[in-house]
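Single-letter residue listing:
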Amino acid sequence: AYLFYCLALKANLKTYESNIKQITLANDYGIKDTDQISDWLYNFQSKGLLRIVKVKIKGKFGQFQKCRYFLNTENYVLISEILKDEPISRQLKGFLILLKCKCLNGTNTTKYSQNQLAKELGIGKSTISNYMKQAEKKGYITKDEKGIHLIREDIFYLVNMPKPDFRKKKIKSEKSKEILTIILD
């Protein structure tokens, strides 16, 4: 989930197309293995989450292929760019993204139990328990009788929240730019 988020951060917000190089995506994700990135991207394509189009480019030194990634936007959640810079592991970021995908429409609340999440996400129960403890300790979630709640609304947007209009703002630095990101369920 975190890799897809990294890809979505580099997508055009109008066309949902990304021309990111796999080496750049690997760096953003935090690994050096571009073959692993490629495998995961083709796995996303096999699940219908994106479409990969290879384009032949003619350059100074001959022809080469460039991949263009088109994100499927049929189902999505809104997640801020802030998550990328949070001081937590990419695994925990991925879990939080998956948790957001399992929230009720337009909310930051899921009614799934930890056991149901493990089954639904295909993750071991002990791993889910570990991520839940980390997320709660670090202030990303709370739990009560009504469910599990993502509490960082600056990261996990509610659908009815006003969305920033980037066209009306002149942005001077990447640090000040907050991009809405589309993550598919």
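Residues numbered from 1 in each chain as written. Predicted model: local features only at pLDDT ≥ 70, side-chain atom pairs only at ≥ 80, totals over all residues. Heavy atoms only, no water.

Enquirer: An account of the overall build of the chain is requested, with residue identities and associated values reported.
Expert: Across its full length, the chain holds 6 helices and 8 strands. Counting from the amino terminus, helix and strand elements in the chain follow one another as α-β-α-α-β-β-β-α-β-α-α-β-β-β. The buried share of the chain, taken over its 185 residues, is 39%. Counted over contacts in the chain with a minimum sequence separation of 6, partners at least 24 positions apart contribute 57%. Surface exposure of the chain reaches about 11,100 Å², of which carbon and sulfur atoms provide 48%. (Helix = DSSP H or I, 4+ residues; strand = E, 2+ residues; numbered from the N terminus. Buried < 20%, exposed > 50% of the residue type's maximum accessible area, 1.4 Å probe, protein only. Contact = heavy atoms within 4.5 Å. Areas by Shrake-Rupley, 256 points an atom, 1.4 Å probe, with all protein chains shown as cover.)

Enquirer: Before we move on, could you go through the pairing of strand β3 (residues 62–71) and cite the residues and values that matter?
Expert: In terms of strand pairing, strand β1 (residues 17–18) meets β3 through 2 bridges, oriented antiparallel. Counterpart to Ser 18 in the pairing with β3 is Tyr 69. The hairpin formed by strand β2 (residues 50–59) and β3 contains 2 residues between the paired strands. (Pairing = 2+ DSSP bridges.)

Enquirer: How would you sum up the sheet that holds strand β5 (residues 109–110)? Please name residues and give values.
Expert: An order of β5-β7-β6 is seen for the 3 strands of this open sheet, with the pairing classed as antiparallel. Each edge of the sheet is formed by a strand with only one pairing partner; in this case those strands are β5 and β6 (141–144). Here β5 pairs with strand β7 (residues 147–150) via 2 bridges, running antiparallel. Following the sheet pairing, Thr 109 is matched in β7 by His 149.

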